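Residue strings, one per chain:
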Amino acid sequence: NAGVTQTPKFQVLKTGQSMTLQCAQDMNHNSMYWYRQDPGMGLRLIYYSASEGTTDKGEVPNGYNVSRLNKREFSLRLESAAPSQTSVYFCASIKGQGARGNTIYFGEGSWLTVV
Amino acid sequence: SQQGEEDPQALSIQEGENATMNCSYKTSINNLQWYRQNSGRGLVHLILIRSNEREKHSGRLRVTLDTSKKSSSLLITASRAADTASYFCATDPTGGFKTIFGAGTRLFVKA
């Protein structure tokens, strides 16, 4: 049981380039999330998807787009990368529709550097 | 701004000692969770405490919740070097949909 799998693990981008972070979960969870983690800032929610076919903005959505491709997959796209998007990105999933005390399962993270 | 804020930001103790981390939050909550993150890895769920609970135990972990003070504490007893990690509190605000994480406490347990 792989849980939450995200790729790539590491990526270096030049300013202005685009890329997509892929995430898949095999736990049949309804909700999926993308967070970014920066030193001293904890995890900040970028976008979330409460169920297949729906997506909503989180705390820091600017510069990102998401696609809930199906129940398993939730991708995060940077259309024009900026140095401020240098961060560690975590995909996560929850069994129910939203947090509400449900355990959040995290992927192993994607380290993105924009130069 | 973060809903949850952990204190201290960093903690260094000897193996065998107890480690206490605190979390304060700003709005009323339904639940509060603690997560652990080993260096270079994702977060892993440790324990959840609901707003109508005051204390909860799981193995060497003890969590308390004081909703009147909007604070929680995580106690790790008889710490081990393997407990070295960052610990995050996460809150589910009442009426909200999204779990909000604090900035974390970095715990270092010296062997």
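Further up the page is the structure itself.
Cut-off values and rules
Residues numbered from 1 in each chain as written. Chains lettered and ligands numbered in written order. Predicted model: local features only at pLDDT ≥ 70, side-chain atom pairs only at ≥ 80, totals over all residues. Heavy atoms only, no water. Helix = DSSP H or I, 4+ residues; strand = E, 2+ residues; numbered from the N terminus. Rg over C-alpha atoms; globule rule 2.2 N^0.38 Å. Buried < 20%, exposed > 50% of the residue type's maximum accessible area, 1.4 Å probe, protein only. Contact = heavy atoms within 4.5 Å. Areas by Shrake-Rupley, 256 points an atom, 1.4 Å probe, with all protein chains shown as cover. Buried area = accessible area lost by both parts, 1.4 Å probe. Salt bridge = Lys/Arg side-chain N within 4 Å of Asp/Glu carboxyl O. Nonpolar A, V, L, I, M, F, W, Y, C, P; charged D, E, K, R; others polar.

In terms of helices and strands, chain A carries zero helices and eleven strands. Seen in sequence order, chain A has helices and strands lined up from the N terminus as β-β-β-β-β-β-β-β-β-β-β. For 115 residues, the compact-globule estimate of 2.2 N^0.38 gives 13 Å, and chain A sits close to it at 13 Å. For the C-alpha atoms alone, the extent of chain A along its principal axes is close to 40 × 25 × 25 Å. Burial statistics for chain A: of 115 residues in total, 50% are counted as buried. A separation threshold of at least 6 residues defines the contact pool for chain A, and within that pool the share at least 24 residues apart is 55%. In the structure as shown, chain A presents an accessible area of about 5,100 Å², 48% of it carried by carbon and sulfur atoms.

Turning next to the interface of chain B and chain A. Of the residues lining the interface, 22 residues belong to chain B; the matching set on chain A comes to 26 residues. Roughly 1,900 Å² is buried in total at the junction of chain B and chain A, and carbon and sulfur atoms are behind 53% of that figure. Here chain B and chain A share one salt bridge between them. One salt bridge in this structure joins Arg41 of chain B and Glu108 of chain A, with 2.2 Å as the shortest N-O distance. Secondary-structure elements contributing two or more residues to the side of chain B that touches chain A are β4 (29–37), β5 (43–50) and β9 (85–93) of chain B. A class-by-class count of the residues in the side of chain B that touches chain A yields seven nonpolar, eleven polar and four charged.

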